[in-house]
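Notes for the structure review
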Amino acid sequence: RAEVERDAAQGLHARIADVMSRRLPDELFAEARHRLLALPSGDVDRAVHAALLAGRRALATYANEVAYDLLDKALAYVDRTSVKASEYFDAFGQACTRTARIREALEAFDRALRATTSPPEAARIHMQVARVHMALWNPEGVQGACEAARAAVSDALPASVGGADLIARLDSESAHVDFEFPFFLEKPAPVTGAVGLLDYTVRFAATIERGVIDFVVTVIVPVTTVCPCSKAISARGAHNQRGQVTF
C-alpha cells in the first residue's frame with residue numbers, strides 16, 4: 001500500500017509539473033521541485049533539465065542554498081539524461097563554492113573538466129577552481145588552476161590569430177574579439193598584514209576594420225570606502241562600503 005501511495009504521489013507531482021510548464025512557465029523553482037519529487041518514476045530528463053535551469057536562476061540571484069538544494073537532488077540522475085554533464089557539474093560546483101562546500105566543489109569541477117571537450121569551457125572551469133583555491137588562501141592552487149586555464153586556451157588557438165588573417169579567412173571587412181579574465185595580485189591586510197590574493201577583472205576588446213585597429217583594456221578594481229553618512233553621524237565606528245571602480 002505504501003508503495004502504491006508513493007507511486008501515486010510521484011505521478012501527481014509529475015502532472016503538476018506538466019501543468020506548470022504550460023501555464024506558469026516563469027515558476028522555474030516550483031516546477032523543478034515538483035519534477036524532482038516525481039522521481040524516480042517521473043521523466044528523469046525533464047527533471048534534470050528543470051533542476052539545471054532553476055539552479056542557474058538561483059545562482060544568478062544569489063539564492064545559493066536554493067541552487068545547491070535543487071542541483072544536489074538531481075545529481076544522481078545526470079548521467080541518465082541528455083543534459084550536458086560539463087554544464088551541470090560546473091553549475092553544481094559554483095553552488096558548492098558559494099555555500100562553502102569546498103570538497104564537493106572541487107569534485108564537481110573535476111567531473112566537469114573530465115566531461116568537457118571544449119577548450120574555452122575547460123579554461124572557464126579552471127578559473128572557477130582558481131576561485132575555490134583563492135577562498136582557501138592557497139596561492140599555489142590558484143596559480144596551478146590559472147596555468148591550466150591558460151594552457152587549455154593556448155592549445156586551442158591557431159599559430160596565427162592576427163586580425164588581418166581572420167578577416168581574410170572569413171572574407172569580412174571587420175573582426176572583433178573580447179577576452180575577460182581575473183588577474184590576481186597579492187595584497188596585505190591593513191591591520192594584520194596577512195597576505196592574500198585579490199582578483200581584478202580584466203577585459204581586452206580588439207577590433208580591426210578596414211585596416212584600423214582599436215584595442216581597449218578595461219580593469220575593474222574592488223575598493224573599500226568609508227560611508228560618508230555613517231562617518232558624519234558617528235564619533236567612532238563608521239562602517240565601510242565596498243564598491244568597484246572601472247578604468
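Located above this text is the structure these notes cover.
Values in this document were obtained by computation on a predicted structure and should not be read as measured data.

This part takes up the environment of M127. Tracing the chain through its elements places M127 in helix α7 (residues 119-135). Look at M127 and you get buried, because its relative accessible area is 13%. In the structure, M127 is positioned 56 residues away from L71 in sequence and 21 Å away in space, judged by C-alpha atoms. When near neighbours in sequence (up to four residues on either side) are disregarded, M127 contacts C146, A149, P182 and F184.

Let us now look at the nonpolar core. Counting residues in each nonpolar core, the largest one holds 44 residues, and the members touching the most others are L36, V48, L71 and Y88. Secondary-structure elements contributing two or more residues to this core are α2 (28-37), α3 (44-60), α4 (64-74), α5 (85-98), α6 (102-115), α7 and α8 (139-156). Top element by residues in this core is α3. It accounts for nine residues. In contact with V48, not counting residues within four places along its chain, are A74, Y77, V78, T81, V83 and Y88.

Moving on, we come to α3. Because the α-helix completes a turn every 3.6 residues, residues three or four places apart line up on one side. Helix length check: α3 (17 residues) gives 24 Å between terminal C-alpha atoms against 24 Å at 1.5 Å per residue, within 8%. Regarding α3, the residues found buried are V44, A47, V48, A50, A51, L52, A54, G55, A58 and L59. Against α2, α4 and α5 lie the buried residues of α3. Near the N-terminus of α3, the side chain that reaches the backbone nitrogen of D45, with its oxygen 3.2 Å away, is that of D43.

What follows is about the pairing of strand β2 (residues 195-209). Pairing between strand β1 (residues 174-188) and β2: 15 bridges, direction antiparallel. What sits directly across from H176, in β2, is T207. Where β1 folds back onto β2 in an antiparallel hairpin, the turn is made up of six residues, including G193, whose phi is positive at roughly 80°. Looking at chain direction, β2 and strand β3 (residues 212-226) are connected through nine bridges and run antiparallel.

Conventions we followed
Residues numbered from 1 in each chain as written. Predicted model: local features only at pLDDT ≥ 70, side-chain atom pairs only at ≥ 80, totals over all residues. Heavy atoms only, no water. Helix = DSSP H or I, 4+ residues; strand = E, 2+ residues; numbered from the N terminus. Buried < 20%, exposed > 50% of the residue type's maximum accessible area, 1.4 Å probe, protein only. Contact = heavy atoms within 4.5 Å. Core = buried A, V, L, I, M, F, W, Y, C linked by side-chain atoms within 4.5 Å. Expected span 1.5 Å × (residues − 1). Polar contact = N/O pair within 3.5 Å; in protein donor to acceptor, adjacent residues only side chain to side chain. Pairing = 2+ DSSP bridges.

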